[in-house]
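Residue-level listing of the chains:
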Amino acid sequence: MFIFADESYDMVREETVYTDFKQGKIDSLYAEMYAPMMSYAARFLTNDYAMMAEDTVQEAIIKAYQTRGTFSTPYQLKSFLFTCIHNNCISVLRKVSSHQNYVSQPQEVIEQEFSASMIEQETIEMLHAAIRELPEKYQQLFELNYEQGLKNEEVARLLDISINGFNKRKAKMISLLREKFKDQELMQMLITVMLG
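Everything numeric in this text was worked out from a predicted model, so none of it was measured. (Residues numbered from 1 in each chain as written. Predicted model: local features only at pLDDT ≥ 70, side-chain atom pairs only at ≥ 80, totals over all residues. Heavy atoms only, no water.)

**Observations concerning the packing of helix α9 (residues 163–180) against helix α10 (residues 185–195)**
Running from amino to carboxyl end, α9 crosses α10 at an angle of 160°, the nearest separation of the two axes being 10 Å. With respect to their mutual orientation, α9 and α10 come out roughly antiparallel. With respect to the hand of their crossing, α9 and α10 are arranged in right-handed fashion. Of the residues in α10, those touching α9 at K170, M173, I174, L177 and R178 are Q188, I191, T192 and L195. Among the residues making up the contact of α9 with α10, the classes are represented as five nonpolar, two polar and two charged. (Axes fitted to C-alpha atoms, helices over the stretch in contact; angles between N-to-C directions. Helix = DSSP H or I, 4+ residues; strand = E, 2+ residues; numbered from the N terminus. Parallel < 35°, antiparallel > 145°, perpendicular 65-115°, else oblique. Left-handed = near helix turned anticlockwise from the far one by under 90°. Contact = heavy atoms within 4.5 Å. Nonpolar A, V, L, I, M, F, W, Y, C, P; charged D, E, K, R; others polar.)

Written out as structure tokens, the structure is:
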């Protein structure tokens, strides 16, 4: 269900994706980066145009693949992909007249929003990595309640616990995450927003 992760594991994964991609292999890219790229594109395009997210991601992967020999670090590959997705999303939004107010903003504003979106995506990835480090009972609760969107009662039934047990487990999961990120205000806000 979840892979236990730490920072060194994440760096190894990124290095593996990078090495494979440079060799023309894309399976690890899809396994490790496709979901975060889709999430980023969908958030950028908003609910009205999220269905275009896959197209923007696929175009970015194709463009990166065509120029894969130019990347010298995993960070460079990741940055290129997310920049392409950003640019592709802007192209989609420019084609939609209802979003003209957004794209007519000064380039500086768009770049600031892009930077904020990248920070938000990295922060969400950090939270997911921290959740993968939790005991499996908390990982299951997170997956069912937050990723699959099941109601508290449904999750309690699937986990074969009472609703009171569910509430205690959820509170403990949030408490563990808050403790892990006690000195990081942005993570504390994300936990509050995402997990309540």
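**Observations concerning the pattern of salt bridges**
In a structure, side chains of opposite charge can pair up when their charged atoms sit close to one another. If you walk through the whole model with that rule in mind, you get six salt bridges. One salt bridge in this structure joins K78 and E14, with 3.6 Å as the shortest N-O distance. Highlighted residues: K78 in helix α4 (residues 74–94) and E14 in helix α1 (residues 7–22), separated in sequence by 64 residues. Owing to a relative accessible area of 37%, E14 belongs among the partly exposed residues under this scheme. Its salt-bridge partner being K180, residue E133 comes within 3.3 Å of it at the nearest N-O pair. One end of the pair, E133, is in helix α6 (residues 107–133); the other, K180, is in helix α9, with 47 residues separating them in the sequence. The class of E133 is partly exposed, set by a relative accessible area of 33%. You can call K180 partly exposed: its relative accessible area is 46%. Several salt bridges share partner residues, and in doing so they unite E14, K78, E122 and E125 into one network. (Salt bridge = Lys/Arg side-chain N within 4 Å of Asp/Glu carboxyl O. Buried < 20%, exposed > 50% of the residue type's maximum accessible area, 1.4 Å probe, protein only.)

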